[in-house]
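Single-letter residue listing:
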Amino acid sequence: MLLSKTTDTGLSMKIKSLKVKLIISYSIIAVLSFGILGLLLYRNTKANSLRELKLSLVNQARLVEFQLKPAIVGQPDTLILEKLAQDLSSRINLRLTVVEASGKVLFDSEKTTLDTEKMDNHAGRAEVSLALDGAVGEEIRFSDTLKIDMLYVAVPVKVKDNIAAVVRLAMPLTSIETMLYTIRRDIVLTVIMVLVLMFVLGIVFTSSIVKPLNKIINVSKKFSAGDFSHRVYYEANDEIGELARTLNKMAKDIEDKIASVSSQSQQLTAIFNSMIEGVIVTDKSGVIVSINQAVEDIFKVSRQEAEGKLFLEAVRNNEIYEVIQNILGKGRFFSKEITLHLPVQRVFEVNATPIFKDASVNGALVVIHDITEIRRLETVRRDFVANVSHELKTPLTSIKGFIETLLEGALEDKENNRNFLKIIQSHADRLDALVNDLLSLSHLESKEIRVDKTDFDLNAQIEEVLRGFKSHLKAKGIEVENAVLKNLKVSADKDRIHQVLVNLIDNAIKFNKEKGSIKLYAESVNGNLKVIVEDSGMGIPSKDIPRIFERFYRVDKARSRELGGTGLGLSIVKHIIELHNGAVGVESTEGLGSKFWFTLPK
Ligand code: ADP
């Protein structure tokens, strides 16, 4: 603020000085030109007037000489000469002096006869001396007698080739001085008037230059403050007009560029923030420049808190800190897998790359990729392969063992051979069930699966499934209650829902106690139909509940196998229901029973 104020004053000072400079230069030019002109005029006038004056004085002197000559030549009669000279002098109103060839003054119109006689010898006076030499003598000299500058003109009075006397006229230069004084005064007055005029015109002219410049300056100030929406309105076809147009074009270009840059930056910010990967940008000293939403979520830190702080101050993670230090130190791409334990364990792949400026590391870009799900899926796949192999191997080993036993002689053992074959058959059934379930699962997981929806009666469907389990129910003495409303229509893939009911009821029987009970009912929840299979069986420990729908997950492996389970039943249920956009779940209390449920959108 203070800075811009200083600049403002600086600018206005410059403008003021420009105005003053222009006026001063105008005035100097005017004063100089008029001064020189006046001086030349003055000198010219002075010289001309003097020349004219001299010429007229010489002519008058000649006339006087002509008039006086007879009185001077021959036997000069002083009285006649004096009278004539006095008469001429008063007529031409000039001082007249007549000097003898010897230099003695014969007559002077300004002196009495007595005084004339006392006058010094005039042969030494420059004009007299020249006239005595036969020329026309002239001189301007300060007259001691009259105490003013006088112009003296002397002409010789020639008698044949001799110079008998000199007639001298003298004139005070006061009239010339007066005239020159008037000229001088006029010149000075003119210069003063020109100065005043120049000053007024200068103000008008410089305003016409400074005004648009001021406009330009005001708009430029807006530009420098970052506001490029203003324009200089000055259309004149001169240099300032050109400057204004160039400035306007520049502002428009900058405005366009800013708009495009800001839209790009908005896009980048949007991309940056919507990235699933966490992104951290630091400067060369490890201070966080920016983080995105994903980083805020992963490390539970807000952008305002983190940006501008050293990484470890904002995010307490030593492993990533070391990655950043490594990048800033070595300037090479770096990748590392890290595990965070809070609040749940998550695995991240951290890729960091240096940001270069002029070939030196200027910062670090860290991208954090959540690979928890990838790692989990890898584990699931590994476990699945191991589980499948294990599940297949157990019955196969038994079958192989019993076949070997039979071949080694047990075939002849009438008492046991059938038993052995029955055991082989049961293991083969297990293998068959396992392969069937695996095929169902792989089919359900394949993308090509189609849900063939029809409207059917759920109650009737349950009754049909229960009929299939009649002998099992009877054997265990289990009571079944189908409390689902009669004629309750559902829209779903009938065969697959049949499979779901078979798996759930099978489990409800298998994991039930002797003379236990099973109840099936349906209710409407949030616009969905919720079907519940409730049993009075052994229940499921709460620690196993979250994983019960996983493939091959069983609470008690041995018992499940014994009961002919494959560990895939619930997994198949989950897949089928999810294909119908429904959900599955279980509520269970160990030792009291379980409630398995699934929902179907209505
Ligand atoms: P299985 O072939 O073993 O029945 P499932 O996927 O159907 O495989 O079930 C997985 C495991 O869930 C079972 O082994 C059992 O431990 C448990 N389970 C399933 N249903 C029930 C139930 N109704 N009561 C208690 N435990 C159950």
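Residues numbered from 1 in each chain as written. Predicted model: local features only at pLDDT ≥ 70, side-chain atom pairs only at ≥ 80, totals over all residues. Heavy atoms only, no water.

A word on the overall build of the chain
Heads up, the condition is: By definition, any uninterrupted DSSP run of H or I lasting at least four residues is a helix, any uninterrupted run of E lasting at least two residues is a strand, and each is numbered from the N terminus. Values of the radius of gyration come from C-alpha atoms, whereas the globule rule sets the reference at 2.2 Å times the count of residues to the power 0.38. Only protein chains enter the calculation, and the probe is 1.4 Å; a residue is then buried if its accessible area is under 20% of its type maximum, exposed if over 50%, and partly exposed in between.
Scanning the chain for helices and strands turns up 17 helices and 17 strands. Taken against the 2.2 N^0.38 rule, which gives 25 Å for 602 residues, the C-alpha radius of gyration of the chain at 66 Å runs more than 25% over that of a compact globule. Principal axes of the C-alpha set define a box for the chain whose edges measure 210 × 55 × 35 Å. The buried share of the chain, reckoned over its 602 residues, is 36%.

Some remarks on the site of the ligand
Condition: One heavy atom suffices: a residue is near a molecule or strand as soon as one of its heavy atoms comes within 4 Å of it. By the criterion applied in these results, polar contacts are pairs of N or O atoms within 3.5 Å in which, for protein atoms, one can donate a hydrogen and the other can accept it, and in which residues neighboring in sequence qualify only through two side-chain atoms. Areas reported as accessible are Shrake-Rupley estimates using a 1.4 Å probe. Residue values count occlusion only from the protein chains shown. Nonpolar residues are Ala, Val, Leu, Ile, Met, Phe, Trp, Tyr, Cys and Pro. Charged residues are Asp, Glu, Lys and Arg, and all others, Gly as well, are polar.
Near the ligand you find 19 residues, and of these N507, D535, S560, T566 and L570 are the closest. Separating an oxygen atom of the ligand from a side-chain N or O atom of N507 is a distance of 2.7 Å. Across the complex, the protein chains shield 97% of the 520 Å² of accessible surface that the ligand would expose by itself. Looking at the shell around the ligand, the elements that each hand over two or more residues are α15 (494-510), α17 (569-579) and β17 (593-601). Considered class by class, the residues forming the shell around the ligand number eight nonpolar, eight polar and three charged.

Digging into the pairing of strand β2 (residues 105-108)
Filter applied, for reference: The rule for pairing is simple: two strands pair if DSSP sees at least two bridges between them.
Direction of pairing for strand β1 (residues 95-100) relative to β2: antiparallel, over a ladder of three bridges. Residue pairing for β2: T97 is matched across the bridge by D108. Between β1 and the antiparallel strand that follows it, β2, lie four residues; G103 among them carries a positive phi value of about 105°.

Describing a nonpolar patch on the surface
Cut-off, in case you're wondering: For patch detection, residues must exceed 30% relative accessible area and be free of salt bridges, and they are connected within 9 Å for like charges or within 5 Å for nonpolar side chains (Val, Leu, Ile, Met, Phe, Trp, Tyr). One side-chain nitrogen of Lys or Arg within 4 Å of one carboxyl oxygen of Asp or Glu is enough to make a salt bridge.
A contiguous nonpolar patch, built from V188, I192, V196, L197, F199, V200, L201, I203, V204 and F205 and spanning about 880 Å² of accessible area, is present on the exposed surface. With a relative accessible area of 34%, I203 lands in the partly exposed category.

Observations regarding the domain arrangement of the chain
As a reminder of what qualifies: Just so you know, the domain bounds were taken from an automatic or database domain assignment.
When its domains are assigned, the chain resolves into domain 1 (36-178), domain 2 (228-274), domain 3 (275-370), domain 4 (375-445) and domain 5 (453-601). The gap between the C-alpha centroids of domain 3 and domain 4 is 51 Å.

Digging into the nonpolar core
We apply this condition: Only buried Ala, Val, Leu, Ile, Met, Phe, Trp, Tyr and Cys residues count toward a nonpolar core, and they belong to the same one when joined by side-chain atoms within 4.5 Å. What makes two residues a contact is simply this: any of their non-hydrogen atoms within 4.5 Å.
Formed by 47 residues in total, the largest nonpolar core has its most connected members in L458 and F598. Top contributing element to this core by residue count: α15, with seven residues. In this structure L458 touches V484, L488, V490, I497, L501, L529 and V531, once residues within four positions along its chain are discounted.

Details of the packing of helix α5 (residues 174-224) against helix α6 (residues 239-274)
Here is the rule we go by: Simply put, an axis is a line fit to the C-alpha atoms, just over the touching stretch for a helix, and the angle between two N-to-C directions goes from 0 to 180 degrees. Angles are sorted into four bins: roughly parallel if under 35 degrees, roughly antiparallel if over 145, roughly perpendicular if 65 to 115, and oblique for all others. Two helices cross in a left-handed way if the nearer one is turned anticlockwise from the farther one by less than a right angle. They cross in a right-handed way if the turn is clockwise.
Contact geometry for α5 and α6: axes closest at 10 Å, N-to-C directions at 15°. In terms of orientation, α5 and α6 fall into the roughly parallel class. In this structure, α5 meets α6 at a crossing whose hand is left-handed. Of the residues in α6, those touching α5 at I209, P212, L213, I216, S220 and F223 are I240, L243, A244, L247, M250 and A251. When its residues are assigned to classes, the contact of α5 with α6 shows eleven nonpolar, one polar and no charged.

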